[in-house]
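Chain residues, written in single-letter form:
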2 protein chains.
Amino acid sequence: MADHSALPLVVLAEQFAKLPGIGMKSAQRLAYHVMEMSQSEVDEFVRAVQAAKKTVHTCPVCQNFTEQQLCRFCGDTRRDHSTVCVVETPKDISAFERTKEYKGVYHVLHGLISPIDGVGPDMLKIKELLARVNQGGIAEVIMATNPTVEGEATAMYISKLLKPFGVKVTRLAFGLPIGGMLEYADEVTLYKALENRNEI
Amino acid sequence: MADHSALPLVVLAEQFAKLPGIGMKSAQRLAYHVMEMSQSEVDEFVRAVQAAKKTVHTCPVCQNFTEQQLCRFCGDTRRDHSTVCVVETPKDISAFERTKEYKGVYHVLHGLISPIDGVGPDMLKIKELLARVNQGGIAEVIMATNPTVEGEATAMYISKLLKPFGVKVTRLAFGLPIGGMLEYADEVTLYKALENRNEI
């Protein structure tokens, strides 16, 4: 593409290719697609990008994205504000909301501790979580980071910092996924399922 | 996502989801990614979209995308302007340029005849091709549409229209792909390879 197309299309394809999960081939197709879009469709797309960037900010309490003063969870008096579910990214919140079972609030770290990627604890919203717990009114903090090396390390790191506050710190249960097949379960998951077995 | 995120992010995700090859999950990830981008990165992205849409137009001769008066092929006097390769989309041009063997010029149809999708001959750049041939100076037109039902039908349709002009009309050769394995070749390809066999 780089050599054979109009320069602004090459520039646009390079911009698309910077987005996560979009390779150079897809980026080229997207750039050509923009040419097929009407001017008003392009305007609408551009406005959506600019509006999201301009009006959406992080909730001062939980660091979730919101265009309100407080996010929809922190601003909702019907939620249980004494239970805080700590997640890596805002999109993890959607997963919990889909269960329709969780009624507490959230705290978004915006990442996980990962020395390999150069992400230290200071780059995450950990001190905001500590300040929040320090203010009082929180009974339980649920560490809901992913069951990966980074997720585990971050959960352990934060739980140690929370100890002095005397708050209850819990971790999501790990085991067999519902509907999953035993024969396809990996060793670590199966070991966790065995270790955390419950009396019936 | 639709229910659990800030509204401008939902709107942005819906915009991304309209782009080809981007599902709702990817669109959500892209919307969140925009939030992680710096303001200057967002501005750069938006400018690239707007610049491509504003400055790129179709070449009046071959209908390829260009930001110049003529595209880089039609404006290049070192190319053989008597040979025209007819392709479906501008990105097909890149494929031919990568061979480094083709020295002629192009004509972009911007689609294929497809009654099922409601695309008739009038919606393609066919009359522009006929006008071009009618002006004279063209010795050969190579039909380089894809070897699909629509590609074949479009090639046949156009070649019939070109007959009265007395121009040589050729079609790309079909056969076994170089490096391909006989046992994996489909019947139609193998039949074509057999039918078009050459003496050695």
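Rules and cut-offs
Residues numbered from 1 in each chain as written. Chains lettered and ligands numbered in written order. Predicted model: local features only at pLDDT ≥ 70, side-chain atom pairs only at ≥ 80, totals over all residues. Heavy atoms only, no water. Contact = heavy atoms within 4.5 Å. Salt bridge = Lys/Arg side-chain N within 4 Å of Asp/Glu carboxyl O. Polar contact = N/O pair within 3.5 Å; in protein donor to acceptor, adjacent residues only side chain to side chain. Helix = DSSP H or I, 4+ residues; strand = E, 2+ residues; numbered from the N terminus. Buried < 20%, exposed > 50% of the residue type's maximum accessible area, 1.4 Å probe, protein only.

Enquirer: Pulling in residues and values, what's your account of the interface of chain A and chain B?
Expert: At the interface, 53 residues of chain A touch 53 residues of chain B. Linking chain A to chain B there are zero salt bridges. Summed over the shared surface of chain A and chain B, the number is eight residue pairs in polar contact (both at pLDDT 80 or more). Counting residues per element, the ones that place at least two in the side of chain A that touches chain B are α1 (7–17), α2 (24–36), α3 (39–55), β2 (65–66) and α4 (90–99) of chain A.

Enquirer: So, unusual backbone geometry: which residues are in play, and what are the values?
Expert: In this structure, histidine 110 of chain A is a non-glycine residue whose phi angle is positive, near 60°. For glutamine 63 of chain B, which is not a glycine, the phi torsion comes out positive at approximately 75°. Its relative accessible area of 5% is what places glutamine 63 of chain B among the buried residues.

Enquirer: Tell me what's going on with the environment of leucine 161 of chain A, and back it up with residues and numbers.
Expert: Residues and elements named next belong to chain A. Along the chain, leucine 161 falls in helix α6 (residues 149–162). Judged by its relative accessible area of 29%, leucine 161 is partly exposed. Residues leucine 161 and isoleucine 126 lie 35 residues apart in sequence; the distance between their C-alpha atoms is 9.3 Å. With near-sequence residues (within four places) excluded, leucine 161 lies in contact with Ile126 and Leu130.

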